[in-house]
There are 2 protein chains.
Amino acid sequence: MGTTNQLNQYWTDIYFHLHYPHKEKISHQVVRILQLVDKIDGVGVNDIASHIQVSQNTASEHVKRIIEKKLLTKERDSLDERKVVLRLTDLGRDVLHRNTSLDEEKLQHVIDGLEDSEKELVEKAFQLLSERAKSCSLS
Amino acid sequence: MGTTNQLNQYWTDIYFHLHYPHKEKISHQVVRILQLVDKIDGVGVNDIASHIQVSQNTASEHVKRIIEKKLLTKERDSLDERKVVLRLTDLGRDVLHRNTSLDEEKLQHVIDGLEDSEKELVEKAFQLLSERAKSCSLS
DNA sequence: GCGATTATATCGTAAAGTAAGATATAAATA
DNA sequence: TATTTATATCTTACTTTACGATATAATCGC
């Protein structure tokens, strides 16, 4: 087994054991859209459409429904009134968190069981990987 | 910001930048079921129902549809013929991989940019966290 | 200013997905 | 053999997802 394969084994095991219990009925597409709004600055409806590979009108309908569910807010860009500026609501941030992050309670429990040096190891590794991942996807 | 909060920031950034592009239209429930089959040995239909919080008949229909899509196979337990034994097909494993793992190409690219000591750091950290996560959810 | 372009929205429609209640079956258990 | 356990099926209802066609309103090029 290669290094990346092994790392993915670890990765999926960590998520499987530490994720939040699934409460809300939420679709993959909705989670993806919330992620895009969270991670990319100033995404509009068209950006979403191309990222999740659907037509512009479908993306627009998605956004409409997500706003109805109070997970996003919509304003118009003051510099270009054609453009929409989407933002996560507190609820949206919460839903996104529960569907993509590790359960803070479980994670805290695991962290508490680590020695100080191990804690540092984990933090450094995650920081390193997230930094390199960011710069990688830019290039 | 607390340690777990910071770690989750790293975690979601890593996934956002390194995940596979979304090809197939697949629902959350299907991914969850594939995960259960992958990570838990000998899950039956009832186990799935309680894990994803739906009724037994709904779980059974889910399984039926997933089998129709050739993502799972079904046999009967030879020791207890009432029980179903589910297994991932190669396609199922592939779909699960593309929807929960990090893109091996992107990950490899990031890993290649690391020093040997950094590689070791990342591997150790992930191994450590996955081990502790497993034993944590048992207790 | 005016036509073209860009960004988004809406309507109609169709297909697929999700879920549960009621009921059935077949194997194992007491 | 009656009961329990594990799963399956049928019906029904609602939601979600997606797209083509069309519309609107702001901005851009000239």
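Up top is the structure.
In this text the structure is predicted, and so the values were computed from the model without any measurement.

S.K.: Kindly report on unusual backbone geometry, identifying the contributing residues and their values.
M.R.: Of note in the backbone geometry, Gln53(A) takes a positive phi value of approximately 60° without being a glycine. Considering the arrangement of structural elements, one finds Gln53(A) in the loop between helix 3 (45-52) and helix 4 (56-68). A relative accessible area of 59% means that Gln53(A) is categorised as exposed. Positive phi values are uncommon outside glycine, yet Lys70(B) reaches one of about 65°.

S.K.: How would you sum up the protein's contact with DNA strand C? Please name residues and give values.
M.R.: Gln56(A), Glu61(A), Lys74(A), Ser27(B) and Asn57(B) are the nearest of the 28 residues found near DNA strand C. The contact in question runs from a phosphate oxygen of DNA strand C to an N or O atom on the backbone of Val45(A), over 3.4 Å. One of the side-chain N or O atoms of Gln56(A) is found 2.8 Å from a base nitrogen in DNA strand C. Considered class by class, the residues forming the surface near DNA strand C number four nonpolar, eleven polar and 13 charged.

S.K.: Now, about the protein's contact with DNA strand D: what can you tell me, with residues and values included?
M.R.: Not every one of the 27 residues close to DNA strand D is listed here, only the nearest: Ser27(A), Asn57(A), Gln56(B), Glu61(B) and Lys74(B). At 2.9 Å from a phosphate oxygen of DNA strand D is found a main-chain nitrogen or oxygen belonging to Ser55(A). Between DNA strand D and Glu81(A) there is a distance of 3.0 Å, counted from a phosphate oxygen to a backbone nitrogen or oxygen. Contributions of two or more residues to the surface near DNA strand D are made by helix 4 of chain A together with helix 3 (45-52), helix 4 (56-68) and strand 1 (72-76) of chain B.

S.K.: Go over the relation of the copies chain B and chain A, please, and point to the residues and values.
M.R.: In summary, the two copies of the chain are related to each other by a rotation about an axis coupled with a shift along it. Take chain B, turn it by 180°, move it 0.0 Å along the axis, and it overlays chain A with an RMSD of 0.1 Å. What the rotation and shift describe, once combined, is the action of a two-fold rotation axis. Looking at the interface residues of chain B, 100% of them are also at the interface in chain A, so both copies use one shared face.

S.K.: Outline the side chain of Thr100(B), listing residues and values.
M.R.: By secondary structure assignment, the location of Thr100(B) is in helix 5 (residues 90-100). Thr100(B) has contacts with Trp11(A), Thr12(A), Tyr15(B), Val31(B) and Gln35(B), leaving out every residue within four places of it along the chain.

S.K.: Break down the interface of chain B and chain A for me, citing the residues and quoting the values.
M.R.: Residue-level contacts link 55 residues of chain B with 56 residues of chain A. For the pair chain B and chain A, the summed buried surface comes to about 6100 Å²; carbon and sulfur atoms form 69% of the total. When residues of chain B are sorted by the area they lose upon contact with chain A, Trp11(B), Lys39(B) and Leu129(B) head the list and together hold 12% of the total. In this structure, the connection of chain B to chain A is made through six salt bridges. For the salt bridge of Asp13(B) with Lys39(A), the shortest nitrogen-to-oxygen distance reads 2.7 Å. The interface formed by chain B and chain A includes 19 residue pairs in polar contact (both at pLDDT 80 or more). Elements that contribute at least two residues to the side of chain B that touches chain A include exactly helix 1 (3-18), helix 2 (28-39), helix 5, helix 6 (104-112) and helix 7 (116-138) of chain B.

Scoring rules and cut-offs
Residues numbered from 1 in each chain as written. Chains lettered and ligands numbered in written order. Predicted model: local features only at pLDDT ≥ 70, side-chain atom pairs only at ≥ 80, totals over all residues. Heavy atoms only, no water. Helix = DSSP H or I, 4+ residues; strand = E, 2+ residues; numbered from the N terminus. Buried < 20%, exposed > 50% of the residue type's maximum accessible area, 1.4 Å probe, protein only. Near = heavy atom within 4 Å. Polar contact = N/O pair within 3.5 Å; in protein donor to acceptor, adjacent residues only side chain to side chain. Nonpolar A, V, L, I, M, F, W, Y, C, P; charged D, E, K, R; others polar. Least-squares fit on C-alpha atoms with pLDDT ≥ 70 in both. Contact = heavy atoms within 4.5 Å. Buried area = accessible area lost by both parts, 1.4 Å probe. Salt bridge = Lys/Arg side-chain N within 4 Å of Asp/Glu carboxyl O.

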